[in-house]
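Residue-level listing of the chains:
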Amino acid sequence: MATIHRILAASIACGLASTGALAAGQPSGIDLKGIDRSVQPGDDFDGYANGNWKKTAVIPADRASTGVFLEVFQKAEKRNADLIKAAGDGKAAAGSNERLIADYYKAYMDEAAIEKAGLKPLEPALARIDAIKDKTELSAALGAQLRADVDPINATNLDTEHLLGLFVAQGLEDPSKNMPYLLQGGLGMPNRDYYLKNDKDMVETREKYAAYVQALLTQAGTSDAAGKAKAIVALETKIAQAQASIVESEDIHKANNPWPRASFAGKAPGIDWNAWFRAAGLDDQPTFIVWQPATVTKLAALVASEPLDTWKAWLRFHTINENASGLLPKAYDDLAFGFYGKTLSGTPKQRDRWKRGIGRVNTDLGDAVGQIYVKEYFPASSRAEVQDMVKNILKAFDTRVDTIEWMSAATKQKAKAKIATIKVGVGYPDTWRDYSKLEVRPDDALGNHARAELAEYHHQVAKLGKPVDRDEWWMTPQTVNAVNLPLQNALNFPAAILEAPFFDPKADAASNYGSIGAVIGHEISHSFDNTGAEFDAQGRLANWWTAADEKHFKEAGQRLVEQFNQYEPLPGLHINGQQTLGENIADVSGLAIAYAAYKESLGGKPAPVIDGLTGDQRFFLAFAQSWRTKTRDAALRQQVIGDGHAPGEFRAQTVRNLDPWYDAFQPKPGQKLYLDPKQRVRIW
């Protein structure tokens, strides 16, 4: 099933103490009971900071992991539940956002109606698939299923169940107008590695996926379900073989491939592109940026070479699979959870339906809920406070650039210009999405989602060729997350993440800077990671580095790649340091910037000792404790294989690259985390 990957499991909050002074009885902000003092900080700083917490932490039965992020998410989830319940009190006016929310949620929660409808809501779509007679009609069907469900810049979703996905953003070289990007897709499992790797776990997962495909087709009354399932998995394996890897897809220079509309037939023969573009509503677009050109060529060849009946079976399966979780009767829902929940994530229990309903509402009516959310839970005063805080961190970054010894004056000038033009969105956008034309019925759960998904596609397509809105948000206010947008040179910090325990107004500056400050720095640093550093102050793909500076930057990044390659979350499964490089650069740089800002906040005064911990010790412990996590093995494997973020326990070890950590915890040569000063990675 197509999933939306998190953009950044990180966050900020509503303010930072400005000095090191503490009121009487003010807590340190550190979970002292969570520390395992039997572990040496120099051997495993995550184990030291979080070891006792891990011994007692229990992953909820309906979750793949637990940690600080789940705690904050559950707070937002409860608030959303209250808002949606209030919207359904019967008083909402027809056409209002409250009525749309109430009707959408009511339809999703009406399990009896969903059971009674069976596959009927999908019958028109399935009938259209059955009626396909040739490859031209197949091409049209593939074009008609195109949706705006990928985001290559932030790895929100690098893959889709549709054969291709659309991303709309400013051009890589022309930031003045929005362009259409096409990205690879076509898989029912998370990414190509699930089809191509031959270790024991992957082989078992493939077998279970094949069984799931057959079971879903059988449940839908498909003739020769076993034969069709075998053909579908074989086709998806060929699609996986055609796809570029995550590391290849992260290389922005390999992605910059403008194809004129008229050149598709010659560059990617096999698809009737006239039929495809017409069905996708993109026939009037003169140029597309093809992110993985070799893949598109190979996918088009598969459309030509693979039997029509196999493609029709593939379309039928994905049409059902996209809706199986929650929008079709329980038998389908259970099958989908059995594979995507239990097998892929190791989660034993399906989430309560009301929780999934809230998630659906937030996906399809995000801004409608968001407007109500910020009125209730995020006052203007909080927004102003956070905006000031981010400005302070940006100032610290700007000051730090001046101190970088290896960087030339020319590159420093360009970097500082980029810092000066970063647009920071805090809490919520200044303009909201208009849902007035979206049809939402209180008795049509599947149709509501399909119409909302299509409306989102039309919203994105309508931006093509128009000037770029640099204030546009890519997250809703009730999202527990944060994002850097390299093409817009912008940051979004949604309201829902601006909460304790990431920020505690009762705690001292050290813990707040170590947790929240580090993440603010992280997001800012994404503008200067291995991808962000490729874009200039206007969000244009442009090299603004001197040759010597660029060489130093890439060499430092390579040392970080090698550092993370050594980590082994599961036996035989290592982190891919190149795949996670952007996030790791942002962690190292963000932590360094936050530390500098923390020291500046002390105003030249010494930090107090609290709970037996110095200010620097509290700073680094807060950082490690903000990344505390406990994850099921299956979900951990999925993250390592397909995610741009390293697991939290290894992100906590970032401290090994900062000199002040060595002063604070005195790790010794020979301990596992100890790095000689020359080995420590210093980038920003």
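On a predicted model such as this, the values are computed, not experimentally measured, just so you know. (Residues numbered from 1 in each chain as written. Predicted model: local features only at pLDDT ≥ 70, side-chain atom pairs only at ≥ 80, totals over all residues. Heavy atoms only, no water.)

### Things to note about the sheet that holds strand S7 (residues 483-485)
Now for step 1: As summarised here, the arrangement of the 3 strands in space is S6-S8-S7, forming an open sheet in which the pairing is mixed. Among the strands making up the open sheet, the edge pair consists of strand S6 (423-427) and S7. This sheet shows a mean twist of 15° between the axes of neighbouring strands, independent of strand direction.
Now for step 2: As defined by bridge partners, S6 adjoins strand S8 (residues 490-494) across 5 bridges and the pair is classed as parallel. Paired with Lys423 across the bridge in S8 is Ala490. (Pairing = 2+ DSSP bridges. Helix = DSSP H or I, 4+ residues; strand = E, 2+ residues; numbered from the N terminus. Axes fitted to C-alpha atoms, helices over the stretch in contact; angles between N-to-C directions.)

### Some words on the confidence of the model for the chain
Now for step 1: In this model, the chain carries a mean pLDDT of 91, and residues with pLDDT of at least 70 account for 95%.
Now for step 2: For residues 1-25, every residue scores under 50 in pLDDT, and the model assigns this stretch 98 contacts once sequence neighbours within four places are set aside. (pLDDT = per-residue confidence, 0-100. Contact = heavy atoms within 4.5 Å.)

### Considerations on the pairing of strand S5 (residues 287-290)
Now for step 1: Sheet topology places strand S3 (residues 178-184) next to S5; 2 bridges connect them, and they run parallel. If you follow Leu182 over to S5, its bridge partner there is Val290.
Now for step 2: Bridge count between strand S4 (residues 258-260) and S5: 3 bridges; the pairing is antiparallel. Bridge pairing in S5 links Pro258 to Ile289.

### Observations regarding the side chain of Lys418
Now for step 1: You can see Lys418 is positioned in helix H20 (residues 409-421).
Now for step 2: Buried charge without a partner: Lys418 forms no salt bridge, and the closest opposite charge is Asp536, 7.1 Å away. (Buried < 20%, exposed > 50% of the residue type's maximum accessible area, 1.4 Å probe, protein only. Lys, Arg positive; Asp, Glu negative; His and termini not counted. Salt bridge = Lys/Arg side-chain N within 4 Å of Asp/Glu carboxyl O.)

### A closer look at the pairing of S8
Look at any regular strand and the pattern is simple: side chains alternate between the two faces of the sheet.
Now for step 1: Of all 5 residues that make up S8, 5 are buried, and the element is covered over most of its length.
Now for step 2: In S8, alternate side chains face the same way, and those of Ala490, Asn492 and Pro494 on one face and Leu491 and Phe493 on the other are all buried.
Now for step 3: In terms of strand pairing, S7 meets S8 through 3 bridges, oriented antiparallel. Paired with Leu485 across the two strands is Ala490, which belongs to S8.
Now for step 4: The turn joining S7 and S8, which pair antiparallel and follow one another in sequence, is formed by 4 residues; a positive phi near 50° is taken by Asn489.

### A short note on the packing of helix H24 (residues 581-601) against helix H25 (residues 615-626)
Now for step 1: Relative orientation of the contacting elements H24 and H25 amounts to 145°, with a least axis distance of 12 Å. For the pair H24 and H25, the crossing hand works out as right-handed. Residue-level contacts link Leu591, Ala594, Tyr595, Tyr598 and Lys599 of H24 to Gly615, Asp616, Arg618, Phe619, Phe620 and Phe623 of H25.
Now for step 2: Here the contact of H24 with H25 is built from residues that sort into 7 nonpolar, 1 polar and 3 charged. (Left-handed = near helix turned anticlockwise from the far one by under 90°. Nonpolar A, V, L, I, M, F, W, Y, C, P; charged D, E, K, R; others polar.)

### Things to note about the sheet that holds S4
Now for step 1: The 4 strands are arranged S2-S3-S5-S4 in an open sheet whose pairing can be described as mixed. Lying at the two open borders of the sheet, with one neighbouring strand each, are strand S2 (164-170) and S4. Taking each pair of neighbouring strands and ignoring which way they run, the sheet shows an average axis angle of 35°.
Now for step 2: In the sheet, S2 pairs with S3 via 7 bridges, with the strands oriented antiparallel. Bridge pairing links Phe167 to Tyr181 in S3.
Now for step 3: Strands in contact with helix H14 (residues 293-305) are S2, S3, S4 and S5; relative to S4, the strand with the most contacts, it is inclined by about 45°.

### Quick word on the packing of aromatic side chains
Now for step 1: Taken as a whole and judged by the stated rule, the model has 43 aromatic pairs.
Now for step 2: When the centroid spacing of 5.0 Å and the interplanar angle of 85° are considered together, the rings of Phe339 and Tyr340 count as edge-to-face. Each member of the pair, Phe339 as well as Tyr340, is classed as buried.
Now for step 3: An aromatic cluster is defined as three or more aromatic residues linked by ring pairs; in this entry it consists of Phe45, Tyr48, Trp661, Tyr662, Phe665 and Tyr674.
Now for step 4: The cationic tip of Arg353 hangs over the ring face of Tyr108; the distance from NZ or CZ to the ring centre is 4.0 Å.
Now for step 5: Of note, Arg383 hangs over the ring of Tyr428, and the distance from its end group to the ring centre comes to 3.9 Å. (Phe/Tyr/Trp six-rings, centres within 6.5 Å; stacked < 30°, edge-to-face > 60°. Lys NZ or Arg CZ within 6 Å of the ring centre and 35° of its normal.)

### Some thoughts on the pattern of salt bridges
Now for step 1: If you walk through the whole model with that rule in mind, you get 36 salt bridges.
Now for step 2: The partner of Glu499 in a salt bridge is Arg79, and the shortest N-O contact between them spans 2.7 Å. Taken together, the residues Glu499 in the loop between S8 and helix H22 (509-525) and Arg79 in helix H2 (residues 68-87) connect sequence positions 420 residues apart.
Now for step 3: We classify Arg79 as buried; its relative accessible area is 18%.
Now for step 4: The salt bridge partner of Arg637 is Asp201, with a shortest N-O separation of 3.0 Å. With Arg637 in helix H26 (residues 633-642) and Asp201 in helix H8 (residues 200-219), this residue pair connects regions lying 436 residues apart in the sequence.
Now for step 5: The class of Arg637 is buried, set by a relative accessible area of 16%.
Now for step 6: Connected through salt bridges with shared partners, the residues Glu439, Arg441, Asp444 and Arg451 form a single ionic network.

### Observations regarding unusual backbone geometry
Now for step 1: Even without glycine at this site, Asn489 takes up a positive phi of about 50°.
Now for step 2: Mapped onto the secondary structure, Asn489 falls in the loop between S7 and S8.
Now for step 3: Located in the positive-phi region is Gln666, a residue other than glycine, with phi close to 50°.

### Quick word on the nonpolar core
Now for step 1: Grouped together as the largest cluster of nonpolar side chains are 105 residues, with contacts concentrated most on Phe45, Ile101, Leu365, Phe619, Phe620, Leu621 and Trp684.
Now for step 2: The biggest single contributor to this core is H24, with 10 residues.
Now for step 3: Beyond its immediate stretch of four places on either side in the chain, Leu621 contacts Ile30, Ile35, Phe45, Tyr48, Ala49, Leu613 and Phe665.
Now for step 4: Counting 76 residues, the second largest nonpolar core, distinct from the first, contains Tyr108, Tyr194, Phe288 and Leu328. (Core = buried A, V, L, I, M, F, W, Y, C linked by side-chain atoms within 4.5 Å.)

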